[in-house]
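Structural characterization, general
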Amino acid sequence: MIGLFLLFKVPMWVNDAKLDALIDRFESYPRPPKTYGADGGAEGSIALRGNGNHCDYRVRLTLNTELSVSDLTDYYDRADIAGVEAGRPSFTVWARQPSKHVAYSSHTVIVELNDSADAGLDIRCH
C-alpha cells in the first residue's frame, strides 16, 4: 500500500519542487522601473491545460505600476528567467481595475508566467 502511495505522490512532490523553484526565480527577478509589488507574493499551479501528456506550470504575480501593459510585456519578454526545465517560459500581462490604495497614475496588472514539461507519472497532468 505504501509503495502504491509513493508511486503517485513522489512525481507530484518532484513537480511541486520544480514549481516552487520557478516561483522563486520569478519573484527574485528585478521589477521593472516604476513597478511595485502588490500585497502577497506569486501564486503558482500545476495542471494539464489543453491536450497532451504534459504538466503546465502557471505562476501569477500582481503588481502596481505606472508603466503600460505593452511596456511590461516588452520587459518580461526580455527577462532572463529560466523555465521549469531550463527553457524559456512565456509571459502574459494584463491590467486589472485601478487600485484606490496607490498613486493616481498607477494601475494594477497581473503578470503570468507559463511553462510546460513532461508529465512523467504526475496524475494531475494526464
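What this report covers is the structure whose coordinates are included nearby. (Residues numbered from 1 in each chain as written. Predicted model: local features only at pLDDT ≥ 70, side-chain atom pairs only at ≥ 80, totals over all residues. Heavy atoms only, no water.)

Here we come to the state of the cysteines. Using the criterion set out here, one finds 1 disulfide in the structure. For Cys55, the disulfide goes to Cys125, at an S-S distance of 1.9 Å. Because the sign of the S-S torsion sets the handedness, a value of about 105° for the bond joining Cys55 and Cys125 places this disulfide among the right-handed ones. Note that Cys55 is positioned in strand β3 (residues 54–65) and Cys125 in the segment after β5 (107–118), a separation of 70 residues in sequence. You'll find Cys55 and Cys125 in the same group, each marked buried. (Disulfide = S-S within 2.5 Å. Helix = DSSP H or I, 4+ residues; strand = E, 2+ residues; numbered from the N terminus. Buried < 20%, exposed > 50% of the residue type's maximum accessible area, 1.4 Å probe, protein only.)

Where burial is concerned, most of β5 is hidden: 9 out of the 12 residues are buried. In terms of strand pairing, β3 meets β5 through 12 bridges, oriented antiparallel. The residue bridging His54 from the neighbouring strand is Asp118, located in β5. In the sheet, strand β4 (residues 90–95) pairs with β5 via 6 bridges, with the strands oriented antiparallel. If you follow Ser90 over to β5, its bridge partner there is Asn114. (Pairing = 2+ DSSP bridges.)

Note that strand β2 (residues 43–47) and β3 share 5 bridges and pair antiparallel. Note on β3: the bridge partner recorded for Ala47 is Asp56.

Turning our attention to the packing of aromatic side chains. Inspection of every chain in the model, using the stated rule, returns 6 aromatic pairs. Through pairs of rings, three or more aromatic residues link up here, namely Phe26, Tyr29, Tyr75, Tyr76 and Phe91. (Phe/Tyr/Trp six-rings, centres within 6.5 Å; stacked < 30°, edge-to-face > 60°.)

Following the sequence through the fold, Ile81 ends up in the loop between α2 (69–77) and β4. Distance from Ile81 to Phe8, taken between C-alpha atoms, is 29 Å for residues 73 residues apart in sequence. Aside from chain neighbours lying at most four places away, what touches Ile81 is Arg25, Phe26, Tyr29, Gly87, Pro89, Phe91 and Leu113. (Contact = heavy atoms within 4.5 Å.)

Let us now look at the pattern of salt bridges. Where charged atoms from two side chains of opposite charge come close, those side chains can pair. Taken as a whole and assessed by the stated rule, the structure comprises 5 salt bridges. Linking Arg124 and Asp122 is a salt bridge whose minimum nitrogen-to-oxygen distance equals 2.7 Å. Residues participating in the shared-partner salt-bridge network are Asp16, Asp122 and Arg124. (Salt bridge = Lys/Arg side-chain N within 4 Å of Asp/Glu carboxyl O.)

Before going further, it helps to spend a moment on the nonpolar core. Among the nonpolar cores identified, the biggest contains 26 residues, and Phe26, Tyr57, Val59, Tyr76, Phe91, Val111 and Leu113 are the most heavily contacted of them. For this core, the elements supplying multiple residues, two or more each, are α1 (2–28), β3, α2, β4 and β5. Beyond its immediate stretch of four places on either side in the chain, Phe91 contacts Phe26, Tyr76, Asp77, Ile81, Val111, Glu112 and Leu113. (Core = buried A, V, L, I, M, F, W, Y, C linked by side-chain atoms within 4.5 Å.)

All right, on to a nonpolar patch on the surface then. A contiguous nonpolar surface patch, about 570 Å² in accessible area, is contributed by Ile2, Phe5, Leu6, Val10, Trp13 and Val14. If you trace the backbone, Ile2 turns up in helix α1. (Patch = residues over 30% accessible without salt bridge, like charges linked within 9 Å, V, L, I, M, F, W, Y side chains within 5 Å. Areas by Shrake-Rupley, 256 points an atom, 1.4 Å probe, with all protein chains shown as cover.)

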